[in-house]
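Breakdown of the fold
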Amino acid sequence: MNCNIIKDLLPSYIDEVCSEETVEMVEEHIQYCEECKQTLKRMQQQTDYVQTIPEEVKKAVTPFKKINKKRRIQVITAIIMTFLMTFFISTVSYLVYQEVGVVHEFFTPMLRADVHITNDTEEWERIYFGDNEYLEFDSIFFKKEIVNSASSEHELDIVLRIKDVNNNVLIDEILIPSGTKINLDELKRYEKYIVEIKAPQGRFFINAV
């Protein structure tokens, strides 16, 4: 039989997918044809080599598969953590935005007093900071300063004095021009003080910061 036909049949012969008649034909031919016999050997060697590769590759690739699996877990975990962090930050930012006034007051506390002097007797009048009977710097963020706000009508100067809760004068007659402030470093934090004012008729806005 023609060698070219036999060579065409060799792949089927090697894979054992040909008929018995074809097997007999090929085997009979390669007994007498050295060229086809060598061709068959080469093809069988190639087939054997190809078949051994997957097992070797499988062994070589296995560690990388584990690494890839671990990497996939890390990536998925990172994505989940990023999502959670983004959600958390967004939520906190929204809450801070909603309560921005509270945050501002915490870090920049201020006590406000609205004083209305109705006579010119120049007597001492007690100052009340909002609903607080006493001045108390009850936060580390207080600068311990008192401001004669420039919004006071007629921009009048005021005189203050500060006493302890037993009415002992601690600081006497401090002049505070309109729109200026004084520092009260000598006062202690978390202690109550009585603040009194002496000023001409008018309305005064005094802030403790």
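Scope of this entry: the structure provided in the associated data block.

What counts, and at which threshold
Residues numbered from 1 in each chain as written. Predicted model: local features only at pLDDT ≥ 70, side-chain atom pairs only at ≥ 80, totals over all residues. Heavy atoms only, no water. Helix = DSSP H or I, 4+ residues; strand = E, 2+ residues; numbered from the N terminus. Expected span 1.5 Å × (residues − 1). Buried < 20%, exposed > 50% of the residue type's maximum accessible area, 1.4 Å probe, protein only. Arc of directions from axis to C-beta. Phe/Tyr/Trp six-rings, centres within 6.5 Å; stacked < 30°, edge-to-face > 60°. Lys NZ or Arg CZ within 6 Å of the ring centre and 35° of its normal. Salt bridge = Lys/Arg side-chain N within 4 Å of Asp/Glu carboxyl O. Patch = residues over 30% accessible without salt bridge, like charges linked within 9 Å, V, L, I, M, F, W, Y side chains within 5 Å. Areas by Shrake-Rupley, 256 points an atom, 1.4 Å probe, with all protein chains shown as cover.

1. Notes on helix α2 (residues 20–32)
Look at α2: 19 Å from first C-alpha to last across 13 residues, which is about the 18 Å you get at 1.5 Å a residue. Within the sequence span of α2, burial applies to T22, V26, H29 and I30. For α2, the buried positions fall inside an angular range of 95° around the axis, keeping them on one side. Away from the buried face of α2 by more than 90 degrees, exposed residues E20, E21, E24, E28, Q31 and Y32 are located.

2. Observations concerning the packing of aromatic side chains
Scanning the model with the defined rule gives one aromatic pair in all. Plain terms: the ring middles of F137 and F142 are 5.3 Å apart, the flat faces sit at 65° to each other, and that makes the pair edge-to-face. The burial state of F137 is the same as that of F142; both residues are buried. Taking the ring centre of Y134 as reference, the NZ or CZ of R126 above it sits at 5.0 Å.

3. Structural notes on the pattern of salt bridges
Overall, the coordinates contain seven salt bridges when judged by the stated rule. One salt bridge connects D114 with R203, and the closest N-O pair in it is separated by 2.4 Å. Separated by 89 residues along the polypeptide, D114 in strand β1 (residues 111–117) and R203 in strand β9 (residues 202–208) bring together distant segments of the chain. Linking K163 and E196 is a salt bridge whose minimum nitrogen-to-oxygen distance equals 3.1 Å. Note that K163 is positioned in strand β5 (residues 158–163) and E196 in strand β8 (residues 192–198), a separation of 33 residues in sequence. Owing to a relative accessible area of 10%, E196 belongs among the buried residues under this scheme.

4. Describing a nonpolar patch on the surface
A cluster of nonpolar side chains, namely I76, I80, M81, F83, L84 and F87, defines an oily patch on the protein surface of about 640 Å² accessible area. Looking at the secondary structure, you find I76 in helix α3 (residues 34–98).

Take it as geometry only, folks, not as evidence of what the structure does.
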